[in-house]
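Summary of the model geometry
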Amino acid sequence: MPSPIVIVPACTAQIGNHSFHVAQMKYVDAVVNGATCLPLILPALGAATDLDTVLARADGLMLTGAYSNVHPSHYQQEVHNPALPQDAARDATTLPLIRAALKRGIPIFAVCRGFQEVNVALGGSLHQAVQEVDGMFDHREDKSQTQEQQYAPAHQISLTPHGEMARILNGALQLKVNSLHGQGIAELAPGLQVEARADDGLIEAYSFGQAGSFALAVQWHPEWNLMSNPASVKIFQAFGLACRDYQSKRGKA
């Protein structure tokens, strides 16, 4: 069989005098090295995206982290901090893409912004500043530190016993993860199942697929130094296996 194709939606960025569709290499590399699939970067075309054409060729969908946040108008809130970056073109691409991919049963793995996107796409809401919520920790990185320090394990999470994440990690109930986010889930969308929480109660992982399908989202960054982290490798391998299974079934349809 040829390599399964994993769609990786792009962000938009201004570099010098020109506008770009961009995807961070660490996510693309994780699809290649961890899931052993072929990433295909999808431009942030919004309503101009032909979802049927894209998804007819897709065996998986990887929703990445980003510098930008999901615009709060998508969950009926006003902007809390206008200084934080937005990416309307990515929102307009990923939110309908998520819903369409779920209808097809395409395997989905979402990280950080992607974790927040799925929740919003399915009817949930976000805390725009977790550190300002009573009882919550400050989950942001220290930007005065080196990149390696920012992505180092920062806090522990507790996995739901017998959940999908625990199954992938061979029954593990605790995991130490990095933490580089200012926003987080406030209200979990209908149909999503909590897979892990931080010690302050903030949701750190959830599953959202139908029975027999792979649909998992995490707030931390398992793609960072992927191949040196056994837990992250297991997660990406499980995603890749699901993509190959979907590819096989699609080929027989």
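Residues numbered from 1 in each chain as written. Predicted model: local features only at pLDDT ≥ 70, side-chain atom pairs only at ≥ 80, totals over all residues. Heavy atoms only, no water.

Turning our attention to the nonpolar core. Soluble globular proteins tend to pack their nonpolar side chains together in the buried interior. Ranked by internal contacts, the top residues of the largest apolar core, which has 34 residues, are Met62, Phe109, Met165 and Trp220. Of all the secondary structure elements, the ones that give two or more residues to this core are strand 1 (5–9), helix 1 (25–33), strand 6 (108–111), strand 8 (155–159), helix 6 (164–168), strand 9 (174–177), strand 13 (215–218) and helix 7 (230–252). Counting 31 residues, the second largest nonpolar core, distinct from the first, contains Ile108, Ile185, Leu192 and Ala217. (Core = buried A, V, L, I, M, F, W, Y, C linked by side-chain atoms within 4.5 Å. Buried < 20%, exposed > 50% of the residue type's maximum accessible area, 1.4 Å probe, protein only. Helix = DSSP H or I, 4+ residues; strand = E, 2+ residues; numbered from the N terminus.)

Further remarks concern the pairing of strand 13. Side chains Ala215 and Ala217 project from strand 13 onto one buried face, and the interleaved Leu216 and Val218 project onto a second face that is buried too. Relative to strand 13, strand 6 is paired through four bridges, and the arrangement is parallel. Directly across from alanine 110, in strand 13, lies its bridge partner alanine 217. Examined bridge by bridge, strand 12 (residues 203–207) and strand 13 share three bridges and lie antiparallel to one another. Considered in strand 13, the bridge of tyrosine 206 is made with alanine 217. (Pairing = 2+ DSSP bridges.)

The strand order 4-1-5-6-13-12-11-8-9 describes an open sheet built from nine strands, whose pairing is mixed. Of all strands in the sheet, those with a lone pairing partner are strand 4 (38–42) and strand 9, marking the two edges. On average, each strand axis in the sheet is inclined to that of its neighbour by 20°, with strand direction left out of account. Pairing analysis gives three bridges linking strand 8 to strand 11 (residues 193–198), with the strands arranged antiparallel. Across the sheet, the residue bridging to serine 158 is arginine 197, located in strand 11. Docked against the sheet, helix 1 engages strand 1, strand 4, strand 5 (60–63) and strand 6, running at close to 150° with respect to strand 4. Along the sheet face, helix 7 touches strand 1, strand 5, strand 6, strand 9 and strand 13 and points at about 145° away from the line of strand 5. (Axes fitted to C-alpha atoms, helices over the stretch in contact; angles between N-to-C directions. Contact = heavy atoms within 4.5 Å.)

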